[in-house]
Structures are given as C-alpha cells and as structure tokens.
Amino acid sequence: MALRKYKVEVTRIDEYEIEIDDAIYTNEVIEQWSESFFETDEDCRQEDFAKHLAKGLTRGGIKDGLEGFGFVKQKFHKMPVGELLTQYSSGLKKVTEEEYSPGLFVNIICHDDDYETEVFTIEPLTSK
C-alpha cells in the first residue's frame with residue numbers, strides 16, 4: 001500500500017459584531033473574569049473580552065454555551081430584527097431568556113462560510 005503524507009493549511013474568516021454593555025462589563029468585572037478564564041490586557045479589557053468571545057464562537061460553535069460567557073444572544077445579520085438563533089442547553093432544552101448572559105449580543109456577519117485551503121506534500125510516496 002502506498003502512503004502519502006500532506007500538510008493542509010485551512011484559513012477561515014468569521015466576522016462578528018459584538019455588543020458589550022459597559023454598565024455590566026466594567027473594567028473591574030472583566031478583570032475579575034480574566035482571572036478565571038482568559039487574560040485581558042489592562043489597557044484594552046473590553047476589546048480583549050470581545051476577542052475571546054469571538055474565538056469562543058469560532059471554536060465552540062454558535063449554538064452552544066461558551067466557557068466563560070454562557071449563552072450569548074446571537075443572530076445572523078440577515079435575520080429580522082428581534083429574531084435570535086435558537087440555542088439549546090444540555091438535554092436539548094431550548095435556552096430561555098433568563099439563561100442568556102445579560103449585556104452581550106452578537107450579530108453574525110460570517111461564520112463557517114469562507115475557507116482557503118492549501119495542501120503541501122511533506123513526504124515522498126512510500127510503500128508499506
């Protein structure tokens with residue numbers, strides 16, 4: 001049997017508009033949050049917080065609770081105003097209004113839609 005080995009690089013671009021209520025997520029609150037979850041820089045706490053939320057959406061998916069954030073209200077930008085993506089908690093129970101993290105909202109511009117893929121041969125053909 002002939003085996004070939006490849007290195008494959010996939011570049012993906014997701015785009016979100018993230019709204020953070022700074023009356024809820026003050027610098028002090030985000031600093032406390034960062035002690036338990038992801039580090040944020042003192043000079044740009046909210047921006048780092050938004051960056052970690054975006055990474056969670058990209059890695060964890062848009063229909064699940066996210067570590068450090070819980071359930072976050074989300075919609076695709078082309079959905080009607082007021083309509084949200086349906087999210088489910090464990091046991092496939094639809095998330096209720098009370099279960100969403102207050103003060104966070106994500107408008108999804110592009111998620112899991114656009115890829116660039118490059119393939120590189122890293123070993124010559126071998127027989128086994």
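Residues numbered from 1 in each chain as written. Predicted model: local features only at pLDDT ≥ 70, side-chain atom pairs only at ≥ 80, totals over all residues. Heavy atoms only, no water.

Asks: Describe in detail the side chain of Lys75, supporting the description with residues and values.
Replies: Position of Lys75 relative to the elements: it lies in strand E3 (residues 71-76). From its side chain, Lys75 meets the backbone oxygen of Met79 in a polar contact 3.1 Å long. Sequence-distant contacts of Lys75, defined by excluding residues within four places in its chain, comprise Pro80, Glu83, Leu84, Leu85, Phe105, Val106, Asn107 and Ile108. (Helix = DSSP H or I, 4+ residues; strand = E, 2+ residues; numbered from the N terminus. Polar contact = N/O pair within 3.5 Å; in protein donor to acceptor, adjacent residues only side chain to side chain. Contact = heavy atoms within 4.5 Å.)

Asks: I'd like a rundown of helix H1 (residues 27-36), residues and numbers included.
Replies: Within H1, the full set of buried residues consists of Ile30, Trp33 and Ser34. Buried residues of H1, viewed axially, fall in a sector of 100°; they line one side. Of the exposed residues in H1, those oriented more than 90 degrees away from the buried face are Glu28, Gln32, Glu35 and Ser36. Buried residues along H1 sit against helix H2 (45-60). (Buried < 20%, exposed > 50% of the residue type's maximum accessible area, 1.4 Å probe, protein only. Arc of directions from axis to C-beta.)

Asks: Give me the lowdown on the sheet that holds E3, citing residues and values where you can.
Replies: Taken in spatial order, the three strands make up an open sheet running E2-E6-E3, and their pairing is mixed. The open sheet has two edge strands, strand E2 (15-20) and E3, and neither has a second partner. On average, adjacent strands in this sheet sit at an angle of 25° to one another, irrespective of strand direction. Across five bridges, E3 lies against strand E6 (residues 100-110) in parallel orientation. Paired with Lys73 across the bridge in E6 is Phe105. In the packing of H2 onto the sheet, the strands contacted are E2, E3 and E6, and the crossing angle to E2 comes to about 135°. (Pairing = 2+ DSSP bridges. Axes fitted to C-alpha atoms, helices over the stretch in contact; angles between N-to-C directions.)

Asks: Give me the layout of surface pockets: which residues, what numbers.
Replies: Empty space left among the atoms is revealed by rolling a probe the size of a water molecule over them. In this model, the largest pocket occupies a volume close to 170 Å³. Forming the walls of the largest pocket are Phe38, His52, Lys55, Gly56, Arg59, Gly60, Leu66, Glu67 and Phe69. Tallied by class, residues from the lining of the largest pocket come to three nonpolar, three polar and three charged. (1 Å grid on protein atoms, 1.4 Å probe; cavity = no way out; pocket = protein on both sides within 12 Å on 5 of 7 lines; lining within 4 Å. Points joined across faces, edges and corners; volume = space filled by probe spheres on them. Nonpolar A, V, L, I, M, F, W, Y, C, P; charged D, E, K, R; others polar.)

Asks: Any chance you could break down H2 for me, citing the residues and the numbers?
Replies: Between the first and last C-alpha of H2 there are 22 Å, a value that for 16 residues agrees with the 22 Å anticipated at 1.5 Å per step. For H2, the full list of buried residues reads Arg45, Asp48, Phe49, Ala50, His52, Leu53, Ala54, Gly56 and Leu57. Of the surrounding elements, those touching the buried residues of H2 are E2, H1, E3 and E6. Immediately beyond the C-terminal end of H2, within one or two residues, lies Gly61, with a positive phi of roughly 100°. (Expected span 1.5 Å × (residues − 1).)

Asks: Describe the packing of aromatic side chains, and please don't skip the residues or the numbers.
Replies: Think of a pair of aromatic rings as described by two things: how far the centres are apart, and how the planes are tilted against each other in angle. What the rule picks out here adds up to six aromatic pairs. Judged by centre distance (4.7 Å) and plane angle (75°), the ring pair of Trp33 and Phe49 falls under edge-to-face. Taken together, the residues Trp33 in helix H1 and Phe49 in helix H2 connect sequence positions 16 residues apart. The pair formed by Trp33 and Phe49 is uniform in burial state, with each residue classed as buried. (Phe/Tyr/Trp six-rings, centres within 6.5 Å; stacked < 30°, edge-to-face > 60°.)

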